[in-house]
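The chain contents come next:
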There are 2 protein chains.
Amino acid sequence: MSGVAERMIVIGGDAAGMSAASQARRRRGRAELDVVAFERGHFTSYSACGIPYWISGLVPERDQLVARTPDAFRDEYDIDVRTRHEVTAIDLDRREVVARDLDGGGEVRAGFDTLVYATGATPVQPEWARDEVAGVFGVQTLDDGAALLDWLEHEPRPRHAVVVGGGYVGVEMAEALVQRGLTVQLVEQAAQPMATVDPDMGELVAEAMRGVGISIRTGMTVTGLTERDGRIAAVVTDEGPIPADVVVLGLGVRPNTALAEAAGLPLGPSGGIRVDRRMRVPGVPGVWAAGDCVESLHRVSGMPVHVPLGTHANKQGRVAGINIGGGYATFPGVVGTAVTKVCELEVGRTGLRERDAVEAGFEFVTVTAESTNRAGYYPGARQMTVKLIAERPSGRLLGAQIVGWSEAAKRIDALAVALWNGMTVDEMTALDLGYAPPYAPVWDPVLIAARKAVDALSR
Amino acid sequence: MSGVAERMIVIGGDAAGMSAASQARRRRGRAELDVVAFERGHFTSYSACGIPYWISGLVPERDQLVARTPDAFRDEYDIDVRTRHEVTAIDLDRREVVARDLDGGGEVRAGFDTLVYATGATPVQPEWARDEVAGVFGVQTLDDGAALLDWLEHEPRPRHAVVVGGGYVGVEMAEALVQRGLTVQLVEQAAQPMATVDPDMGELVAEAMRGVGISIRTGMTVTGLTERDGRIAAVVTDEGPIPADVVVLGLGVRPNTALAEAAGLPLGPSGGIRVDRRMRVPGVPGVWAAGDCVESLHRVSGMPVHVPLGTHANKQGRVAGINIGGGYATFPGVVGTAVTKVCELEVGRTGLRERDAVEAGFEFVTVTAESTNRAGYYPGARQMTVKLIAERPSGRLLGAQIVGWSEAAKRIDALAVALWNGMTVDEMTALDLGYAPPYAPVWDPVLIAARKAVDALSR
C-alpha cells in the first residue's frame, strides 16, 4: 500500500530500544517507517552505570547521565517518544500493544508491523524488602538515584549505611557512600564480594574495600528489616541485627520478561528472551528483542547467558535497528568482559571463572602472575595481578582476570580479543603487545601469565 | 662422547642473547651444556628503552636499568659471561669464534657446537657525525647515557640542545632534555616527527611537543657540525646553522651484521639476518640469531621487516633458547605494535600506516574517530583519537593508531590482537570490550572507529 508507512513500536526507551529506533530511522525515513517508543519512566537513554558516581558526588548533575533526551529523539530522529507510558499488554494476533498513560491516565492502543521488546531488567527484590519502609533504595533508575540522594541530603541525615549484595552495583555503591562520609557495611550471602571474579582475585578487592573503611560481612543472609516511625532502623540478619539509617539493595537484576511471557514470547534457559543472531525472536515474525531482557550466547561456554550491561544493550539495539532498517548485522555473542574500579583498585575480567569452567565441563589449568603496570624502574610502577584459565590439554584460553592499582582494568580488552578469537596460551606468548617503560615491563604482564600457563600445561 | 658437554656460544649479552642463554640453561644443565656469552660492553640485559628516563632524571640510577648483572648470570644460571670481550670473527668451518679482550688485551678462541648471534643494532651514524667533536651523543648503550649525563652535569653546563631525528628515541630525548631545563630544537628531515604514525596523527604529537616548548624543525637536513676548542658549537643545516652546546643523535638503528656478513650468514631484504620461525639461521646448522640484528615477518604485509625492540628481542631469544634446550617454540612474526609517551600525550600504533599499506599494494579505507577515554560525564575524561586502516573490500584490519591524553596508549593492544587474528572491522564492531564509566564511554572508542570503518567500506 504505497503511501502508508509501516509502524515500528519500541517497548522501553533506554539503550537497546532507542538504539534500535534510531538505527532503523537512519535507514528508513518517515514516509516509510513510523517509529513509536513507549517508556515507563521520565527518561530515555541514560547511563544506569553512572548512578553510583552521581551518588558519590563525582558526577554533580543527574542530567549528565542522560545521553539523549526524549525531545532530542523527537527532533533529531523523528521518533514519537511517549515517556510515562507503560505497555501493559502485547497482542500478537491483532499485532497491537496496549499502553497506560501513567500521568494523564487512560490507555493507548497502537498497532505495529514491527515490535522491539526492550524492557530491560528489574532488580531482584527479596521478600523482606517489599514492605514500604522509608530509607530502603534500589539504584536501577535515575528516579531511584534521585530518591536516594534526597534521603541522604535531608535531615535527619543518615550516617550508617548497609549495602545488601556485593556485585558491581553493591560494591560501587558501598564506595560511593563511604565517599559521602557514611559508615558502610556490605552484607553478602556468599563467601566473598565481587563474585564475578574468582575468590583469590576477589580477596584483593575485599582488601581494597576494607582499606577505605568498608566493613564486609560475608556468609551472612539478610532476613528482614526493622523500622521506627516508618523509617528504616536496622537490617535483620541470620547473625543478628545491623543498625542502619539507609539501606541500598544491590542483589542483581533479572530480565524483565513479564509482558513477553504473557504474550507467549519464548524464554531461554537463562530466563532471558530468546533471540537469533539478528535479534529476532525466533518463531514470532516481526518481533525483535534486545538489551537486558534477552539472553546472549556465551562464546566460550557455548551456553546462553543473561549479561545485563549497557554496552551489550547498545550493540544489540543497533543490530536490531540495522536489520529492521533493511541492512544486515548480527550480534555474535559475548565473552563476559567487565571492568570496574573499586576504591582505586582496578578490576577486569573476561570469559569463564574457575567455577564456570567446571560447570561447563572443561578441564583446565589456572595460573596467576604478579607483575607491574610499568617497567619496574619507571616511577609509579604498581602491582598488577593477571590470572589465566586455559583448557587442558588444548591450551585454549577460557578466561582471564586482572587486578591492579593503576592502568590495569582496560588491559583485559587484549585478553577479551584473544578469547574472542579462540587463541591458545601458547599462541598468546608471541602476541605483539605495546612495550615502552611507562606502559609495561619488557615482558608484558599478559605475556608473563601466558608463559606461565604454557608451563603449567606442560606439567 | 659421554661426559663432554656441548658448547653454546652467545655473541652479545643483551636481551636476546641472555634470554637464549638462560632458556637453554633451564632445560640443559652444566653437564650437558656449556654456555659462554661474549659481550663487548660492561653490562648485560639492560633496558636501552629506559635511557631517556634516566637522562631526564625520572629514573635516578643507572643500575635501575640493569635487569640482571653478569654476576647474576654466572651465579644463578652458570653462564660464563665475558664482558668487554668483542667477537671479531666467526669461523663456520672450524666452528669457532675469535674474541678480543678489550681491557686485558689478547685474544680468545673458543669452539662452539651451537652459536647464537645476538649483536643487536648500531645507531645510524651520518658522515658529519663521525669526527670526534665533544658534546655529540648517541643514546644506544648505558655507556652512551653515562657520557651524555656527564656532559650535561659538568661546567660549562650546556643550555641549548639539538636533537637530530624525530623517531621514538629523538622525541623521548627531546622531552628528557626539556625536563632538564635545556632549550631543545628537534631537527627532522621528513615532514613530521614521529613518522611511525601517519601525518594526521603525527601532527597531534608535534602539537604536544610544541606545547612543552620543543621547537620542531621539519624538512631540514643536517649537513655538518661546527666546533670551538673541540666542543660542539652548532649544527649546520641546509637552512643555516643552529647553535648548540649538546647534540643528541636519534637517527635510528641498523642491524649489526658486519660479523655475520663476514662469516657468510644470509641477510634478508630488510638488512637483518634471515631466520626461520625457530630462530635458526637457514642453511647454517647449529647457528641461531635473535634480537635487533635479525629481520622478522610482518604478519600483515607478509614482508620481512627490521623492528628493533626489546620485547621482540626477549621473545626471540627465549624461542631460540627453548629450541636449543630441546624444546619447541616459534616466533611467528610481528604486527608492528609500539607505544610511547610524548610530553603526557600517549601514542600507540600497530600494523600498517597508510604509506605501508600503499607500498604493500593494499586497497583500503581509513577512518578517524574522536572519543574519550572515559564516559563523557566521568571526571577526567580526555580526548582520544582512534584511526583505523581497513582493506577494501574485505574489511580486514590493516593498521590502527591511537593518540590520547590519558590511559590511551595501551588500548592499542586490543587492536594488535585483533590484527594478529586477521579480524575484519565488521567483526570488530561486536567485540566484547570492558565497559564502565571510569574506563570508557558505553561505545568504546575502538568500537566507534570500527563502526565508522564499516560505514566507510559500504560507500
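What counts and how
Residues numbered from 1 in each chain as written. Chains lettered and ligands numbered in written order. Predicted model: local features only at pLDDT ≥ 70, side-chain atom pairs only at ≥ 80, totals over all residues. Heavy atoms only, no water. UniProt positions renumbered as here; feature names shortened; annotations may be inferred. Helix = DSSP H or I, 4+ residues; strand = E, 2+ residues; numbered from the N terminus. Buried < 20%, exposed > 50% of the residue type's maximum accessible area, 1.4 Å probe, protein only. Contact = heavy atoms within 4.5 Å. Least-squares fit on C-alpha atoms with pLDDT ≥ 70 in both. Phe/Tyr/Trp six-rings, centres within 6.5 Å; stacked < 30°, edge-to-face > 60°. Lys NZ or Arg CZ within 6 Å of the ring centre and 35° of its normal. Domains from an automatic or database assignment. Buried area = accessible area lost by both parts, 1.4 Å probe. Salt bridge = Lys/Arg side-chain N within 4 Å of Asp/Glu carboxyl O. Polar contact = N/O pair within 3.5 Å; in protein donor to acceptor, adjacent residues only side chain to side chain. Nonpolar A, V, L, I, M, F, W, Y, C, P; charged D, E, K, R; others polar.

Going by the annotation in an unreviewed UniProt entry, the name recorded for chain A is NADPH-dependent 2,4-dienoyl-CoA reductase, sulfur reductase, with Micromonospora humi given as the source organism. Checking UniProt for chain A, the heading Cofactor (unreviewed entry) contains the comment "FAD". Looking at chain A in UniProt, the text filed under Sequence similarities (unreviewed entry) is "Belongs to the class-III pyridine nucleotide-disulfide oxidoreductase family."

S.K.: I'm lost on the side chain of Asn256 of chain B in this one. Help?
M.R.: Residue and element names in this part refer to chain B. Looking at the secondary structure, you find Asn256 in the loop between β17 (253-255) and α7 (258-263). According to the relative accessible area criterion, Asn256 is buried, its value standing at 15%. Beyond its immediate chain neighbours, meaning those up to four positions away, Asn256 contacts Arg40, Tyr117, Thr119, Gly120, Ala121, Thr122 and Cys293.

S.K.: What should I look at first to understand the relation of the copies chain A and chain B in this one?
M.R.: Note on the copies: chain A fits chain B at an RMSD of 0.0 Å, the axial shift is 0.0 Å, and the rotation between them is 180°. The two molecules are tied by a two-fold rotation axis, judged by turn and shift. Across chain A, the smallest distance between a C-alpha and the rotation axis is recorded for Ala414 of chain A, namely 2.0 Å. In this assembly, 100% of the residues forming the interface of chain A have copies in chain B that are likewise at the interface, indicating an isologous arrangement.

S.K.: Quick question: what am I supposed to make of the packing of aromatic side chains here?
M.R.: In this description, an aromatic ring pair is defined by two values, namely the gap between the centres and the angle between the planes. All names here are of chain A. Applying the stated criterion across every chain yields a total of eight aromatic pairs over all chains. Note on Phe43 and Tyr46: the rings are 6.4 Å apart at their centroids and 75° apart in plane angle, and the pair reads as edge-to-face. Grouping residues by exposure puts Phe43 and Tyr46 together as buried. Between the aromatic rings of Phe73 and Tyr77, the centroid separation amounts to 6.1 Å while the plane-to-plane angle is 40°, which identifies the pairing as tilted. Here Phe73 and its partner Tyr77 are both found in helix α3 (residues 70-77), four residues apart, which amounts to about one turn of the helix. Note on accessibility: Phe73 and Tyr77 belong to one class, buried. Positioned above the aromatic ring of Trp420, the side-chain terminus of Arg299 is 3.9 Å from the ring centre.

S.K.: Mind showing me how you'd approach the domain arrangement of chain A here?
M.R.: As a measure of interface size, the accessible area lost when the parts come together is often cited. Residues and elements named next belong to chain A. Assigned domains within chain A: domain 1 (6-122 + 254-325), domain 2 (125-251) and domain 3 (338-458). Domain 2 and domain 3 are separated by 31 Å when their C-alpha centres are compared. At the junction of the two partners, domain 2 supplies 19 residues and domain 3 supplies 20 residues. Between domain 2 and domain 3 lies a buried interface of about 1,500 Å² when both sides are counted; carbon and sulfur atoms form 61% of it. With a shortest N-O distance of 3.0 Å, Lys387 and Asp200 are connected by a salt bridge. For the pair domain 2 and domain 3, the number of links is eleven residue pairs in polar contact (both at pLDDT 80 or more). Secondary-structure elements contributing two or more residues to the side of domain 2 that touches domain 3 are α5 (168-179) and α6 (199-211). Among the elements that line the side of domain 2 that touches domain 3, the one with the most residues is α6, at seven residues.

S.K.: Would you take a moment to explain the interface of chain A and chain B for this structure?
M.R.: On the side of chain B, 58 residues touch chain A, which itself brings 58 residues to the contact. In this assembly, chain A packs against chain B so that about 5,400 Å² is buried in total across both faces, 62% of it on carbon and sulfur atoms. Summed over the three residues of chain A that lose the most area to chain B, namely Tyr377, Asp432 and Tyr439 of chain A, the buried surface amounts to 15% of that side. Between Lys410 of chain A and Asp444 of chain B there is a salt bridge, and its shortest N-O distance comes to 2.4 Å. Linking chain A to chain B there are 19 residue pairs in polar contact (both at pLDDT 80 or more). Of all the secondary-structure elements, those providing two or more residues to the side of chain A that touches chain B are α1 (15-27), α8 (310-324), β21 (338-342), α10 (412-420) and α12 (445-458) of chain A. Among the residues forming the side of chain A that touches chain B, the class breakdown is 31 nonpolar, 14 polar and 13 charged.

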